[in-house]
Each structure stands twice: as C-alpha cells, then as structure tokens.
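Here are the chains, one letter per residue:
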Amino acid sequence: MELKGKNVFITGSTRGIGLAMAHKFASLGANIILNGRREIGEELISEFSDYGVQVIPISGDVSDSTDAKRMVEEAIEKLGSVDILVNNAGITKDKLMLKLTEEDFEQVLKVNLVGAFNMTQAVLKPMTKARQGAIINVSSVVGLIGNVGQANYAASKAGLIGFTKSVAREVAARNVRVNAIAPGMIESDMTDVLSDKVKEATLAQIPMKRFGNTSEVAEVATFLARQEYLTGQVIAIDGGLAM
C-alpha cells in the first residue's frame, strides 16, 4: 500500500510509541488522526506542520464501544476514510498475582484488548466494503513470554495476538490485512520510571544488550502497512528477548 494520501488512525498517539508512529506515517505523506482520552492541544498538532499532511485530533475512550464508533465515524466524515488503523492505546497496572485485584485485571483487558476489538469492529465494515485496509495491533513481547507482575498485561497482549490472527483470516479475502507488533523494552516514559536495578536486570536478558527506541517500532508499523501480501503475522521487535 502506498502511504501517501492515506488516512491513519493511531489510538493512544499523543506520546511514546503512538506519537513516534504518527510522525513516521506523516513523514511518508499519510494523513494522521491523533487520538487520546483527553483533548489534544495545538502545541502537539503543530509538531506535524512541516509534513504537509492533514492532522485531525479526535479524543475519546477506545474501551467504550459507543465512543469508538463515534471516533471512527468522525474520522471518516472529516477525511473520507480510515485506511489504516493502529491499535496502540494501552495501560498497565502491574502487581504480583497474589495482590492483583479483579478491577486491576479487568481494567487492563478493557483498554488493551476490548479497546482494540471496539476500534477494529468500527473500521471493518468500511474497509471491507472498500476492499482495502490495514490494521496493526500493538501487542508486546510480554504477550509471548510473560513477565513477573504482569499477568493482566500479558493476558491482554497475548489475547491481542490471537485476535490478530483470527480477524486476519476473516477479512483476508477482502484485501484487509491484520498484523501485530510485539515490542520488547522500548525507551519511553513507561521505562523512565524503572529503577536502575530493574533496567540492569532487564538488559541482562536482552541478547542485543540495549533497549529499543520508539522510532524503530514506528519503522515496523509503516513496513506492515505497506506490505500487501503480509497478514496474520506477529513481529517481535525486542532485541532478541523472546527468541
């Protein structure tokens, strides 16, 4: 798929990996729908002024099916279509299993997994009707190998992988491709809060002996969006952690 002129909706794109993806897609000529739960300020939108593309801010809660449908309808009304959906929005509530509450578990699944379901269902009808589209789900290496203190997060991200493969099978004949990215330890505001001890222990497990960066994940997203014969796949960008 040629990205120039395409419309890309990236959930959770006001910071971190989502924002890096937005910049990468915009640099390749795609129009961007920026998304977050809160109102998106002009200062963030102005970061995209040099790309010469349209940037539409649409705030809302992906875990609410009505809100998800409203956001997709608004994007289509303003840009004409959603050609690429990136389900990136996610939260963590890390605790050891014995201390994890039912609310902790359900809230993480509600945003990370049900949110992707809501957004995917909202875009699928127009995508299948147009017989073109790409959906990219941001899973995690934790969904592949698990992690101490992240049973809820791992379950949501593993579920996202099964979701990716199932939906990919359903819509492939309509030329809609569905793939997933499984990032490992990526330098972001989420890793900034980790202690040096935790960072050192994590680095010891990574064969490449470094954390990744958000621009590297963004490269994988644009690669998946462009490949027209690639669907139902999970690409781990983790420095070898899961191999």
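Going by the structure above, here's the rest.
Residues numbered from 1 in each chain as written. Predicted model: local features only at pLDDT ≥ 70, side-chain atom pairs only at ≥ 80, totals over all residues. Heavy atoms only, no water.

> With reference to specific residues and values, describe the overall build of the protein chain.
Looking only at helices and strands, the protein chain features 9 helices and 9 strands. By its C-alpha atoms, the protein chain is 50 × 35 × 35 Å across when sized along the principal axes. Within the protein chain, the fraction of its 243 residues that count as buried is 49%. Across the protein chain, contacts joining residues at least 24 apart in sequence account for 70% of those joining residues at least 6 apart. Just so you have it, the protein chain exposes about 12100 Å², and 51% of that area is on carbon and sulfur atoms. (Helix = DSSP H or I, 4+ residues; strand = E, 2+ residues; numbered from the N terminus. Buried < 20%, exposed > 50% of the residue type's maximum accessible area, 1.4 Å probe, protein only. Contact = heavy atoms within 4.5 Å. Areas by Shrake-Rupley, 256 points an atom, 1.4 Å probe, with all protein chains shown as cover.)

> Requested: an account of the pattern of salt bridges, with residues and values cited.
One pass over the full model with this rule turns up 7 salt bridges. Salt-bridge contacts for D67 lead to R70; the nearest nitrogen and oxygen are separated by 2.6 Å. Here D67 pairs with R70, and both are found in helix α3 (residues 65-79), just 3 residues apart, close to one helical turn. Between R210 and E216 there is a salt bridge, with the nearest N and O atoms lying 2.8 Å from each other. Since its relative accessible area comes to 38%, R210 is described here as partly exposed. Judged by relative accessible area, E216 falls into the partly exposed class, the value being 25%. Residues joined in a network through salt bridges with shared partners are D67, R70, E74 and K78. (Salt bridge = Lys/Arg side-chain N within 4 Å of Asp/Glu carboxyl O.)

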